[in-house]
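Survey of secondary and tertiary structure
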Amino acid sequence: MNRLLAALTCIVAFGATGVGAQSVAPSKDIAAVLASPTRTPANRARDRYRHPAQTLAFFGVKPTQTIVEFLPAGGWYAEILAPLVKGRGHYVALVPTAQAERTRSAFAAKTAEYGVTQIATIDFKTGASSIPAGSADVLLTFRNVHNLLMQDDPAVAGRVFKAFYAALKPGGVLGVVDHRLPEEMDTAREKTSGYIKRSTVVRLAQEAGFALAAESRINANPKDTHDHPEGVWTLPPSYRLKDVDRAKYAAIGESDRFTLRFVKAR
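Residues numbered from 1 in each chain as written. Predicted model: local features only at pLDDT ≥ 70, side-chain atom pairs only at ≥ 80, totals over all residues. Heavy atoms only, no water.

Observations concerning the overall build of the chain
Scanning the chain from N- to C-terminus turns up 12 helices and 8 strands. The C-alpha atoms of the chain give a radius of gyration of 18 Å, which matches the 18 Å a tight globule of 266 residues would have. Viewed in the frame of its principal axes, the chain has a C-alpha envelope of about 45 × 45 × 40 Å. Here the contacts in the chain between residues at least 6 apart in sequence split such that 75% fall between residues at least 24 apart. Across the chain, 34 positive and 24 negative side-chain charges occur, with their mean positions spaced 6 Å apart. (Helix = DSSP H or I, 4+ residues; strand = E, 2+ residues; numbered from the N terminus. Rg over C-alpha atoms; globule rule 2.2 N^0.38 Å. Contact = heavy atoms within 4.5 Å. Lys, Arg positive; Asp, Glu negative; His and termini not counted. Charge placed at Lys NZ, Arg CZ, Asp CG, Glu CD.)

This is the structure in structure tokens:
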């Protein structure tokens, strides 16, 4: 375990750049959860693309916090976050109302590993959320902001970011990872490709009241050209083109991503 932690620390030391950048070593708690045999082998295999130890350390995640994850989907990060806070903090999944029961059932099936979890809801039409205002220490969203931008209603993303702001305590952290669309590319591609501009996320967060505290290249992938036939879903793990040029896309790996940490003003 000590060798693992040391290796992760070295990786983090070279990952942070930009506004308020700093090197943050993963905690022993995070390293222990990542090494747990309860993790799904298929999920563990993707650590080399998603860098969970470094990412969570960069966001300042601790096992005693109340952590909200927006749209956990298949539960890749939930499999790490819920056990991390089990018995010490609180894990809350924030989903649209229509997904609440499905998410609740999925988490109930993993109570032994996850402990007590909460399912909160958000209405995309109004931005209303069932999370008590000012109750969360950290709110995390991994590769989900592009889904908000692809909604028919262009105001959805702004409403959701305002709900994020309301949910957090003063000084609370909003952590965002998403597929990077280079700034020089056509912004219209945000509606179809799954890639979004860093500047778009910064704007949404700042309009909601957040300040950009730091950013990192932990999840960057310089091999990604951002111009694939089926957008980000051309790459692994989706491989939307199936066997067409599969080796080419496998060599690229998962998408180029930005990692941004925002703070709610005190």
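Picking up after the structure, the text goes on.
Some points on the nonpolar core
In this structure, Phe 70, Phe 161, Phe 164, Leu 174, Val 201 and Phe 262 are the most contacted members of the largest nonpolar core, which totals 35 residues. Ranked by residues supplied to this core, first place goes to helix 10 (residues 156-167) with 7 residues. When sequence neighbours within four positions are dropped, the list of residues in contact with Phe 262 reads Gly 172, Val 173, Leu 174, Val 176, Val 201, Val 202, Ala 205, Phe 210, Ala 211, Leu 212 and Ala 213. Residues Val 61, Ile 67, Ile 80 and Ile 218 belong to the second largest nonpolar core, which totals 31 residues. (Core = buried A, V, L, I, M, F, W, Y, C linked by side-chain atoms within 4.5 Å. Buried < 20%, exposed > 50% of the residue type's maximum accessible area, 1.4 Å probe, protein only.)

Some remarks on the pattern of salt bridges
Evaluated as defined, the whole model comprises 13 salt bridges. The shortest N-O distance in the salt bridge between Glu 215 and Arg 198 comes to 3.0 Å. One end of the pair, Glu 215, is in strand 7 (residues 210-216); the other, Arg 198, is in helix 11 (residues 198-208), and 17 residues separate them in sequence. On the basis of relative accessibility, which here comes to 15%, the residue Glu 215 falls in the buried class. Here Arg 198 falls in the partly exposed class, since its relative accessible area comes to 26%. (Salt bridge = Lys/Arg side-chain N within 4 Å of Asp/Glu carboxyl O.)

Thoughts on unusual backbone geometry
In this structure, the amide linkage connecting Pro 236 to the following residue, Pro 237, adopts the cis form with an omega of 10°. If you trace the backbone, Pro 237 turns up in the loop between strand 7 and helix 12 (246-252). One non-glycine residue, His 226, adopts positive backbone phi at about 65°. Checked against the element boundaries, His 226 lands in the loop between strand 7 and helix 12. Judged by its relative accessible area of 9%, His 226 is buried.

Some thoughts on the pairing of strand 4 (residues 117-122)
Most of strand 4 is tucked away, with 5 of its 6 residues classed as buried. Looking at chain direction, strand 3 (residues 90-96) and strand 4 are connected through 6 bridges and run parallel. Paired with Val 92 across the bridge in strand 4 is Gln 118. (Pairing = 2+ DSSP bridges.)

Overview of helix 7 (residues 100-108)
Among the residues of helix 7, Ala 100, Thr 103 and Phe 107 are the ones counted as buried. One side of helix 7 carries all its buried residues, which in axial view fall inside an arc of 70°. Every exposed residue of helix 7 that faces more than 90 degrees away from the buried side is listed here: Glu 101, Arg 102 and Ala 108. (Arc of directions from axis to C-beta.)

Description of the packing of aromatic side chains
A complete count under the given rule lists 10 aromatic pairs for this structure. Centre to centre, the rings of Phe 58 and Phe 59 are 5.8 Å apart; their planes meet at 50°, and the pair counts as tilted. The pair formed by Phe 58 and Phe 59 is uniform in burial state, with each residue classed as buried. Geometrically, the ring pair formed by Phe 161 and Phe 164 is tilted, given 5.3 Å between the ring centres and 55° between the ring planes. A residue pair is termed a helical-turn pair when its members lie 3 or 4 positions apart in one helix, as Phe 161 and Phe 164 do in helix 10 at 3 residues. Comparing Phe 161 with Phe 164, the two get one shared label, buried. In textbook terms, an aromatic cluster arises when at least three aromatic residues are bridged by ring pairs, as seen for Phe 70, Phe 124, Phe 161 and Phe 164. Note that Lys 264 overlies the ring of Tyr 165, its terminal NZ or CZ placed 4.7 Å from the centroid. (Phe/Tyr/Trp six-rings, centres within 6.5 Å; stacked < 30°, edge-to-face > 60°. Lys NZ or Arg CZ within 6 Å of the ring centre and 35° of its normal.)

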